[in-house]
Structure formats: structure tokens, C-alpha cells
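Geometric and topological summary
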Amino acid sequence: QVQLVESGGGLVQAGGSLRLSCTASGRANVMGWFRQAPGKERDFVATLRSGYTYYADSVKGRFTISKDNAKNTVYLQMNNLKPEDTAIYYCAAGNTLILSTLRKANAYSYWGQGAQVTVTS
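A brief report on the enclosed structure follows.

**Let's talk about the sheet that holds strand S8 (residues 73-78)**
Ordered in space as S1-S3-S8-S7, the four strands form an open sheet in which the pairing is antiparallel. The sheet terminates laterally at strand S1 (4-8) and strand S7 (63-68), the two strands that pair on one side only. Here the strands of the sheet are splayed against their neighbours by 15 degrees on average, with no regard to which way each runs. Direction of pairing for strand S3 (residues 18-24) relative to S8: antiparallel, over a ladder of six bridges. Looking at S8, one finds that Leu 18 is bridged to Met 78.

This is how it looks when you write it as C-alpha cells:
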């Protein structure tokens, strides 16, 4: 069992930046981020697997996912934030994901508690 503890998030004006952190209690080969806005499904944001990074088109060029292996912590640096980025951001992790499932929430076994990100215009 892997526990994920998130930190970061908050309130920021459009164009601003925030950084989310997620520390895992155990080993996870894949760690990533999803987000869920009110009344919407949980959507893929970014993930990191075997040193490769994958991004949703909506965040490409603005968000960066990275990992500190020594700390077993994954980060999501979010720049040039837009009001449509407002959502609860969830850290996700798994060990048996194949390439075709990286963007699917139901492929991940472990989830963080969520962090609210609010971007005002």
C-alpha cells in the first residue's frame, strides 16, 4: 500500500504560478497528476514514467512535472495559470501502468487527498 501526501495549491491571479508536491510512502513506478473541476470528471494533467513525461494538451508548455527520487516526491510546477485551471488537483500513483493507460484515472491504484487550486481573472 502506498500513501500519497500532497501539499501546495492555493489562490492565485491569472498569469501567476503555483507548485504542488506529492510524497509517496512507498515505491511507485508511475506518479502523476489529475484534476477535477466542480461538476466535471477527473481529467489527466501530467504523469511521469521511466523518466518520460506526458502532458495533457491543455497544460503543455505551462506545467512541468518532475520527481526527486531521493525524496520519493513528485512536483507539478504550474506557470501562466488560467481561470480554467481552477480545480482540485489529485496526485496519483501506480506500478503496473502500460503506455496506453497513463492518461486514464482508473489505471492508477493510489490517490492523494487533493489540493485546491483557484485561479482568479
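That covers the picture; the talk isn't over yet.
**Regarding the state of the cysteines**
Following the criterion strictly, the structure yields one disulfide and no others. Residue pairing for Cys 22: its cysteine sulfur links by disulfide to Cys 91, the two sulfurs lying 2.0 Å apart. A torsion of -80 degrees about the S-S bond marks the disulfide between Cys 22 and Cys 91 as left-handed. Within this pair, whereas Cys 22 is found in strand S3, its partner Cys 91 is found in strand S9 (residues 87-94), the two being separated by 69 residues in sequence. Just as Cys 22 is buried, Cys 91 falls in that class too.

**A few points about the nonpolar core**
Counting 39 residues, the largest nonpolar core has Leu 4, Met 31, Trp 33, Leu 76, Met 78 and Tyr 89 as the members making the most contacts within it. Looking at this core element by element, the count peaks at five residues for S9.

Cut-offs and rules
- Residues numbered from 1 in each chain as written.
- Predicted model: local features only at pLDDT ≥ 70, side-chain atom pairs only at ≥ 80, totals over all residues.
- Heavy atoms only, no water.
- Pairing = 2+ DSSP bridges.
- Helix = DSSP H or I, 4+ residues; strand = E, 2+ residues; numbered from the N terminus.
- Axes fitted to C-alpha atoms, helices over the stretch in contact; angles between N-to-C directions.
- Disulfide = S-S within 2.5 Å.
- Buried < 20%, exposed > 50% of the residue type's maximum accessible area, 1.4 Å probe, protein only.
- Core = buried A, V, L, I, M, F, W, Y, C linked by side-chain atoms within 4.5 Å.

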